[in-house]
Amino acid sequence: MGTVEEHVAVNRQALDSGEKRLNELGYKQELRREMTLFKTMAITFSSMAVFTGTPLYGPSLRYAGPASIVWGWVVVSFFTWFVGFAMAEICSSFPTTGSLYFWAAHLAGPRWGPFASWCCAWLETIGLIAGIGAQAYSGSQTLQIIILLSTGTNKGGGYFAPRSVFLCIYICLIIIWAVLNTFALQVIAFLDIISMWWQIIGGLVVIIMLPLVAQHTQPASYVFTHFELSPEATGVTSKPYAVILSVLLSNYCLYGYDTAAHLTEETKGADKTGPIAILSSIGIITLFGWAYVLALTFSIQDPSYLYDVNNETAAALVPAQIIYDAVYGRFHSYTGAIVFLCIIWGSFFFCGLSVTTSAARVVYALSRDKGIPYSPIWRKIHPKNKVPTNAVWLSAAIGIILGLPILKLDVIFTAIISISTIGWVGGYAIPIFARLIMKEENFKPGPFYLGRTSRPICLIAFLWICYTCSAFLLPTLYPIKWNTFNYAPVALGICLGVIMLWWVLDARRWFKGPVRNIDVPNHGV
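Residues numbered from 1 in each chain as written. Predicted model: local features only at pLDDT ≥ 70, side-chain atom pairs only at ≥ 80, totals over all residues. Heavy atoms only, no water.

Draft legend 1. The arrangement of the overall build of the protein chain in detail. Looking only at helices and strands, the protein chain features 22 helices and zero strands. By the burial criterion, 59% of the 525 residues in the protein chain qualify as buried. When contacts within the protein chain are restricted to residue pairs at least 6 apart in sequence, those whose partners lie at least 24 apart make up 83%. As presented, the protein chain carries roughly 20,100 Å² of accessible surface, and 69% of it is formed by carbon and sulfur atoms. (Helix = DSSP H or I, 4+ residues; strand = E, 2+ residues; numbered from the N terminus. Buried < 20%, exposed > 50% of the residue type's maximum accessible area, 1.4 Å probe, protein only. Contact = heavy atoms within 4.5 Å. Areas by Shrake-Rupley, 256 points an atom, 1.4 Å probe, with all protein chains shown as cover.)

Draft legend 2. Focus on the nonpolar core. The biggest cluster of nonpolar side chains holds 163 residues, and the ones touching the most others in it are Tyr57, Val83, Trp103, Tyr257, Tyr428 and Ile432. When sequence neighbours within four positions are dropped, the list of residues in contact with isoleucine 432 reads Val83, Ala86, Met87, Ile90, Cys458, Ala461, Phe462 and Ile465. (Core = buried A, V, L, I, M, F, W, Y, C linked by side-chain atoms within 4.5 Å.)

Draft legend 3. Spotlight on helix H12 (residues 239-246). Among the residues making up H12, those that are buried are Tyr241, Ala242, Leu245 and Ser246. Seen end-on, H12 carries its buried residues on one side only, within an arc spanning 135°. Projecting away from the buried face of H12 at angles above 90 degrees are the exposed residues Lys239 and Pro240. Tucked into the core, H12 has its buried residues touching helix H4 (54-64), helix H5 (66-93) and helix H13 (248-253). (Arc of directions from axis to C-beta.)

Draft legend 4. Main features of unusual backbone geometry. Here the residue pair tyrosine 478 and proline 479 is connected by a cis peptide bond, since its omega of -5° sits within 30 degrees of zero. Turning to its location among the elements, proline 479 is positioned in the loop between helix H21 (454-471) and helix H22 (488-510). With a phi angle near 70°, threonine 153 is a residue other than glycine that sits in the positive phi range. Residue threonine 153 is classed as buried on the basis of its relative accessible area, which comes to 5%. Despite not being glycine, alanine 315 shows a phi value in the positive range, around 55°. With respect to the helices, strands and loops of the structure, alanine 315 is situated in the loop between helix H15 (270-298) and helix H16 (318-331). A relative accessible area of 24% places alanine 315 in the partly exposed class.

Draft legend 5. Layout of the packing of aromatic side chains. Here the structure, examined in full by the defined rule, presents 35 aromatic pairs. Aromatic pair tryptophan 118 and tryptophan 502: ring centres 4.9 Å apart, planes at 80°, arrangement edge-to-face. Placement of the pair is tryptophan 118 in helix H7 (residues 109-150) and tryptophan 502 in helix H22, with a sequence separation of 384 residues. Overall, tryptophan 502 belongs to the partly exposed group, its relative accessible area being 22%. Ring centres of tyrosine 324 and tyrosine 328 lie 5.2 Å apart, and the angle between their planes is 10°; on these two criteria the pair is classed as stacked. With tyrosine 324 and tyrosine 328 both in helix H16 and four residues apart, the pair spans about one turn of that helix. Through a chain of ring-to-ring contacts, the aromatic side chains of Phe115, Trp118, Trp122, Trp502, Trp503, Trp510 and Phe511 assemble into a single cluster. Above the ring of phenylalanine 443, the side-chain terminus of arginine 435 is found at 3.9 Å from the ring centroid. (Phe/Tyr/Trp six-rings, centres within 6.5 Å; stacked < 30°, edge-to-face > 60°. Lys NZ or Arg CZ within 6 Å of the ring centre and 35° of its normal.)

Draft legend 6. Local environment of the packing of H5 against H15. Direction vectors running N to C along H5 and H15 enclose 175°, while the axes themselves pass 9 Å from each other. The angle between the axes of H5 and H15 places the two elements in the roughly antiparallel class. When its residues are assigned to classes, the contact of H5 with H15 shows 18 nonpolar, nine polar and one charged. (Axes fitted to C-alpha atoms, helices over the stretch in contact; angles between N-to-C directions. Parallel < 35°, antiparallel > 145°, perpendicular 65-115°, else oblique. Nonpolar A, V, L, I, M, F, W, Y, C, P; charged D, E, K, R; others polar.)

Draft legend 7. Here's a closer look at the pattern of salt bridges. Going through the model one piece at a time under the given rule, you end up with three salt bridges. A salt bridge links glutamate 312 to lysine 155; the nearest nitrogen and oxygen atoms lie 3.9 Å apart. Of the two residues, glutamate 312 is situated in the loop between H15 and H16 and lysine 155 in the loop between H7 and helix H8 (163-180); the sequence distance between them amounts to 157 residues. Residue arginine 435 pairs with glutamate 440 through a salt bridge whose shortest N-O separation is 3.0 Å. Here the residues in one salt-bridge network are Glu89, Arg435 and Glu440, joined through shared partners. (Salt bridge = Lys/Arg side-chain N within 4 Å of Asp/Glu carboxyl O.)

Draft legend 8. Geometry of the side chain of serine 230. Examined against the element boundaries, serine 230 turns out to sit in the loop between helix H10 (220-225) and helix H11 (231-234). You can call serine 230 buried: its relative accessible area is 11%. Contact partners of serine 230, with chain neighbours within four places excluded, come to Arg62, Tyr63 and Gly235.

Okay, here's the thing in structure tokens:
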């Protein structure tokens, strides 16, 4: 029989590398660690989704024409890689479910760590929960058009769901996602594997078949070089400003890859698989997303007809009209258009499911560290399924509340996606900035390490995030009226103001960032 020390040494050697690093950081393993690289990639890929930008395509095309969308995607993709590399390096060193706010706490050091962690945690929470609302809205809008076409189109007396029915669809989607997320993570992982293949195969079907089905396609000169403002519709007369608004499509689509980090405590070898999942998802979405934008743009039949409120889709979803025109022009039937839209709707469904998974993990992690009111409730783990059920339903409930203004406001989607993007992407900035300014000797690298290139990569990533967040605060329509006003700055200002006031008056006295729950030496992290 060996000594106690020998048994401990053997057990530590048998530990998964991600779990071992988790223990070094001061956390014990509570969630079930059984996710593989492929399953983690599937959930991460689902959180980004090929068709995410579908609702924004129409407004973006109208701001500055096709060339701005097409080349804007390339530019945004280029800078997204810098953010991805910076986050992959940090994820490799800190494979924890708390991810961004945990990273911020440790990278910012003992003096600024609690405040950095507090800001990052709440930005991330706001962004992810608003992300649930964004996907629910997109899925509801797509289903609204599917129902319209299935019942005879806007011209043929089809049923166009009113606001109240739209809201019911929105709420039902979120409830379904919450119910599915109360099952064991293996169920979600299985659904997300289906999602991954759904989006890859479905994406290829739409991307390849749509231009082939279209009776005629736009010339390459139109797609790649045509630039056109629409001041009569948007009120925007400045070319640079129009380009910035047009590129919001790409800014909105190319994030969500931090989902891999939220699942690291449930993933085998997370210090290696986390970075791979992050970078692989960026690569896949970059290529597929650009191909989807090109397929839509080449397949436009009549640009001016897309925004006619009397067209077959009531001008409610421009890509749906593009698909309808292409399919109906060839086959004189809209069945094929409905099939294409069902593929897109499935993408939103799976994406919303994955975002709900991520949001619940962040809420759980923050409540585990006592950063949310009534934390003991939200950090409870289901005894059998080992998932944070209460955190799931809290996230879903807030997501539903965000959608209630649908009944009155026309610009609610703009506000939701702006809040989601600024919160979600803004949360990336804090740990990246902390990594940028910290002393290199204080950073314990994981298997994925950027070495000397880390600082310039982090600098570019941080500046790009600042630009992205600023762009989503801008007014999107002029003149500014109550029904065209971008409410995101107001909503975010109120939320962040309350959170900062809470910090100054109370939270700074007791919130110390991530709370260690295992007594393991924690030096050099």
